[in-house]
Amino acid sequence: MRLHTSRERTSQVIHYIIEHTRPDLGATKLCKVMWRADLHHYRRHGETISGQASYVRMPRGPVPNGFHDALRSLEKRKAIQKKPVTVFNFTRHEFHVLKRANKKWFSESAKRALQEAINAITPLRSQDASDDTHDSLWEELEDGEQMPIAAAAIVPAEVLPEDIRWARQERTVPLE
């Protein structure tokens, strides 16, 4: 079985998301769907869907490495079409699917994580989707720096007294 590079996997994830969302999703929200799906899949299964180990920190939130190259590749293969649409005072790029994505690339857990991310991000305004990704890791970094998924997967939580009691208990493991 051939292992796929993160570049190929990233392209397939982008294609899948475009096929399963409305064209008005736009590039910003497309990146946020990917980030959310990869992050949640990593937390549950120890690996990302896209094969990305990190994303690039940008002003509007994390962007997958090779994102624009993947979009160009999909356009060149006539799998998607990018259309600029003027919205108030800016241009949003809408993405239209021309060929169906290859579902064989995705496990059931990946499809679930992608659909959950699509459902969570699609109803948001672009700014709200961006703000949602501006967590403590994003705050710590400068634009252009890598945001490791493993670091982002850590969920800060309050340490409770019962957690400390549990940690202080002597644990023994039987030798076999």
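Residues numbered from 1 in each chain as written. Predicted model: local features only at pLDDT ≥ 70, side-chain atom pairs only at ≥ 80, totals over all residues. Heavy atoms only, no water.

Q: What is the right way to read the side chain of Glu94 from this model?
A: Following the sequence through the fold, Glu94 ends up in strand S4 (residues 90-97). In this structure Glu94 touches Pro23, Asp24, Gln81, Lys82, Lys83 and Val85, once residues within four positions along its chain are discounted. (Helix = DSSP H or I, 4+ residues; strand = E, 2+ residues; numbered from the N terminus. Contact = heavy atoms within 4.5 Å.)

Q: Got a minute to help me understand the nonpolar core in this structure?
A: One broad trend across soluble globular proteins is that nonpolar side chains are buried collectively. If you look at the biggest cluster of nonpolar residues, it comprises 39 residues, and the most contacted ones within it are Ile14, Ile17, Leu30, Ile49, Leu71 and Leu114. When contributions to this core are tallied by element, the ones reaching two or more residues are helix H1 (6-19), helix H2 (26-45), helix H3 (67-76), helix H4 (108-121), helix H6 (136-140) and helix H7 (149-152). Ranked by the residues each element gives to this core, the list is headed by H2, at seven residues. Those residues in contact with Leu114 that sit more than four places away from it in its chain are Val13, Tyr16, Ile17, Val33, Ala37, Ile49 and Phe106. (Core = buried A, V, L, I, M, F, W, Y, C linked by side-chain atoms within 4.5 Å. Buried < 20%, exposed > 50% of the residue type's maximum accessible area, 1.4 Å probe, protein only.)

Q: Explain the pairing of strand S2 (residues 61-64) to me, please; I cannot follow it from the model alone.
A: Moving residue by residue along a regular strand, the side chains alternate between the two faces of the sheet. The sheet contact formed by strand S1 (residues 54-58) and S2 spans four bridges and is antiparallel. Residue pairing for S2: Tyr55 is matched across the bridge by Pro64. Hairpin connection, S1 to S2: the antiparallel pair is bridged by two residues. (Pairing = 2+ DSSP bridges.)

Q: I keep staring at the packing of H2 against H4 and nothing clicks. Help me out?
A: Helices that pack against each other are described as a pair by the angle of their axes relative to one another and the distance between those axes. In the contact formed by H2 and H4, the axes pass within 8 Å of each other and the chain directions differ by 135 degrees. By the angle between their axes, H2 is oblique relative to H4. For the pair H2 and H4, the crossing hand works out as right-handed. Between H2 and H4, the contacting residues are Lys29, Lys32, Val33, Arg36, Ala37, His41, Arg44 and His45 on the first element and Ser109, Ala110, Ala113, Leu114, Glu116, Ala117, Ile118, Ala120 and Ile121 on the second. A breakdown of the residues in the contact of H2 with H4 according to their chemical character gives nine nonpolar, three polar and five charged. (Axes fitted to C-alpha atoms, helices over the stretch in contact; angles between N-to-C directions. Parallel < 35°, antiparallel > 145°, perpendicular 65-115°, else oblique. Left-handed = near helix turned anticlockwise from the far one by under 90°. Nonpolar A, V, L, I, M, F, W, Y, C, P; charged D, E, K, R; others polar.)

That is the geometry; function is a separate question.
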